[in-house]
Amino acid sequence: MTGASRVRAVVSMQSRPILKSHARLQYDTVREAWALLSPERVFWPNEVSLDILRLCDGRHTVAQMTALLADHYAADEAEIAPDVTGFLQEWSDKFLVTL
Amino acid sequence: MNEPVLPPIGMLAELTHRCPLQCAYCSNPVELLKANREMDTAGWLSLFEQAADLGVLQIHLSGGEPTLRADLGELIACLARRGVYTNLITAGVGIADGRIEAWAEAGLDHIQLSFQGAFAATTEKIGNSRGAHEKKLETARRVRAAGLPLTINAPIHRHNMEEVPDFIELALSLGAERLEIANVQYAGWALLNRKALMPEREAVERQVQIVEEAQERLRGIMTIDFVTPDYFAIYPKPCMGGWARDAFMVAPDGTVLPCHAAGTIKSLHFERFGDWSLSRIWHESSAFNAFRGTSWMQEPCRSCERQEIDWGGCRCQAMAIAGDASATDPACIKSPLHARMGALINEAISTKTADTTPDAFTYRRIGRSVELDPTSA
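None of the values given here were measured: they were computed from a predicted structure.

What counts, and at which threshold
Residues numbered from 1 in each chain as written. Chains lettered and ligands numbered in written order. Predicted model: local features only at pLDDT ≥ 70, side-chain atom pairs only at ≥ 80, totals over all residues. Heavy atoms only, no water. Contact = heavy atoms within 4.5 Å. Buried area = accessible area lost by both parts, 1.4 Å probe. Salt bridge = Lys/Arg side-chain N within 4 Å of Asp/Glu carboxyl O. Polar contact = N/O pair within 3.5 Å; in protein donor to acceptor, adjacent residues only side chain to side chain. Helix = DSSP H or I, 4+ residues; strand = E, 2+ residues; numbered from the N terminus. Nonpolar A, V, L, I, M, F, W, Y, C, P; charged D, E, K, R; others polar. Buried < 20%, exposed > 50% of the residue type's maximum accessible area, 1.4 Å probe, protein only. Pairing = 2+ DSSP bridges. Right-handed = clockwise from strand over helix to strand, strands pointing away. UniProt positions renumbered as here; feature names shortened; annotations may be inferred. Phe/Tyr/Trp six-rings, centres within 6.5 Å; stacked < 30°, edge-to-face > 60°. Lys NZ or Arg CZ within 6 Å of the ring centre and 35° of its normal.

Visitor: Whenever I open this one, the interface of chain B and chain A confuses me. Can you help?
Guide: Much of the literature gives interface size as the accessible area that the parts lose upon coming together. Counting from both sides, the interface comprises 31 residues of chain B and, opposite them, 23 residues of chain A. Between chain B and chain A, the buried area comes to about 2200 Å², and carbon and sulfur atoms account for 54% of it. The largest share of the area that chain B buries against chain A comes from L57(B), Y85(B) and I221(B), three residues that together contribute 26% of it. In this structure, the salt-bridge partner of D109(B) is R24(A), at a minimum N-O distance of 2.6 Å. Where chain B meets chain A, there are 13 residue pairs in polar contact (both at pLDDT 80 or more). Of all the elements in the fold, those that place two or more residues in the side of chain B that touches chain A are α1 (41-54), β2 (58-62), β3 (85-90), β4 (110-114), α6 (164-173) and β6 (178-183) of chain B. A class-by-class count of the residues in the side of chain B that touches chain A yields 14 nonpolar, 11 polar and six charged.

Written as structure tokens, this is what we have:
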């Protein structure tokens with residue numbers, strides 16, 4: 001891999017995000033909370049973030065994820081889509097998910 | 001104590017002080033431990049089990065050079081079994097064939113590889129180790145081939161600050177997800193070598209610009225974490241995220257400390273794992289409780305609105321510069337001793353020789369006795 005060939009991944013509704021192998025979502029029995037472990041940091045995702053992260057399995061497209069989340073939260077798809085893509089772009093930029 | 005003690009999240013395990021490199025800014029204590037003082041495999045395994053029970057989620061396996069421990073794979077396997085995230089911090093010289101792959105197989109999560117220079121000549125000079133650069137490049141390739149994520153760590157000081165753009169290109173070309181541009185902190189060996197390492201103010205300002213521009217340009221391509229130089233700062237760092245707040249470190253002999261330089265505060269007493277359980281040390285050690293929370297603070301920290309942002313800064317720096325471990329970190333602009341930081345920069349710069357070779361380094365060596373007077377440059 002050369003430096004020049006590396007580009008930023010940008011989220012689209014057709015992306016199939018998957019949690020990176022070095023980012024690990026696990027239940028912490030001491031604190032009774034879900035933790036996302038990454039090379040230098042531990043994240044404590046809230047309920048919505050957790051639902052999105054769990055759908056980052058490489059099979060669901062962002063469009064499908066949005067539809068499932070809209071259904072689950074009885075929300076409008078078009079309304080929540082920018083939030084979902086915003087989250088995913090941020091996590092991609094932090095090297096937590098591959099788009 | 002003003003609040004209950006929460007379980008620790010992170011632990012730095014200095015498995016050994018042995019190292020093939022002799023960097024003059026090593027964060028290890030100036031009095032290094034020989035191999036016969038190191039805790040054995042059973043000791044580390046027992047400590048790691050207790051750490052996981054206590055709530056530790058992330059362990060940095062460091063040194064010295066941790067890969068000199070033949071039992072490293074066994075230690076990683078234990079941590080992986082307990083779901084603890086493992087980060088191996090290595091200089092990456094002389095790692096035998098097959099070991100990186102074996103660690104990945106055992107469940108290692110991440111590797112942080114140091115480069116002392118962006119070019120071979122610098123790396124060799126700073127680490128006092130011939131051929132080190134090529135070996136590190138080879139290690140980086142093997143890490144990526146093993147499918148492990150890679151962080152490149154570049155400790156920055158006067159002798160390699162101009163190479164910051166080249167460090168960025170190097171890390172990109174090696175496929176690193178992350179690059180740490182870490183300005184040397186003046187504790188341990190770096191304090192001893194402060195005069196030889198201190199950068200010029202203009203060079204620091206150029207460096208900040210270069211890093212900020214690269215962080216913007218490389219968003220989503222490579223993360224660049226910047227550890228700013230304390231002596232040029234306005235506010236101190238929240239050292240260790242606050243004393244004994246969510247992290248601690250363990251020395252090669254099993255001594256448990258709130259931070260890697262805490263031994264420089266001679267009034268503190270530290271317990272060894274084995275004599276006490278880890279849980280007892282975390283909760284009851286007088287050294288851990290000495291600067292926990294905010295009730296120990298003096299003015300200006302005591303009435304400062306930033307007291308729970310930076311937690312008073314670095315206790316060891318307060319000790320080194322102010323001669324009082326419970327004083328405000330002099331890196332803080334509110335410290336009455338803040339001007340001394342600037343004076344120490346100027347003294348270091350004015351006494352440096354015309355050529356910039358690091359001949360004046362006191363290279364890190366085990367068994368060397370040294371005298372320290374940190375309050376004068």
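Visitor: Teacher, can you tell me more about unusual backbone geometry here?
Guide: Excluding glycine, most residues fall at negative phi; most peptide bonds, likewise, are trans. Residues and elements named next belong to chain B. At the junction of G63 and G64, the peptide bond is cis and its omega measures out at 15° in the coordinates. Along the chain, G64 falls in the loop between β2 and α2 (72-81). P300 follows E299 through a cis peptide bond whose omega is 5°. Along the chain, the position of P300 falls in the loop between α11 (286-290) and α12 (307-310). Even without glycine at this site, W311 takes up a positive phi of about 50°. Residue position: W311 is located in the loop between α12 and α13 (315-322).

Visitor: What is the right way to look at the pairing of β3(B) in this model?
Guide: Remark: a regular strand shows side chains that alternate across the two faces of the sheet. Residues and elements named next belong to chain B. For β3, the buried fraction is high: five of the six residues fall into the buried class. Alignment of β2 against β3, held across four bridges, turns out to be parallel. Bridge pairing links L61 to L88 in β3. Between the parallel elements β2 and β3, the chain passes through α2 in a crossover that is right-handed.

Visitor: Sorry, what's going on with the UniProt feature "domain: Radical SAM core" (unreviewed entry) in chain B here?
Guide: According to UniProt, the "domain: Radical SAM core" (unreviewed entry) feature falls on residues 5-222 of chain B. Annotated as 41% helix and 16% strand, the span residues 5-222 of chain B places its first and last C-alpha atoms 36 Å apart.

Visitor: I would appreciate a short explanation of the packing of aromatic side chains in the present structure.
Guide: Residue and element names in this part refer to chain B. Throughout the structure, instances matching the rule amount to nine aromatic pairs over all chains. For the pair W44 and F48, a centre-to-centre distance of 5.8 Å together with 40° between the ring planes defines the contact as tilted. In this pair, W44 and F48 both sit in helix α1, four residues apart, roughly one turn of the helix. In this pair, the class of W44 matches that of F48, namely buried. Taking 5.8 Å as the distance between ring centres and 50° as the angle between the ring planes, the aromatic pair formed by F248 and W282 counts as tilted. Taken as a pair, F248 in strand β8 (residues 247-250) and W282 in helix α10 (residues 278-284) lie far apart in primary sequence, 34 residues in all. Through pairs of rings, three or more aromatic residues link up here, namely W243, F291 and W296. Stacked on the ring of W282, the Lys or Arg R292 has its end atom at 4.7 Å from the ring centre. Looking at R306, its charged tip hangs above the ring of Y235, at a distance of 3.7 Å from the centre.

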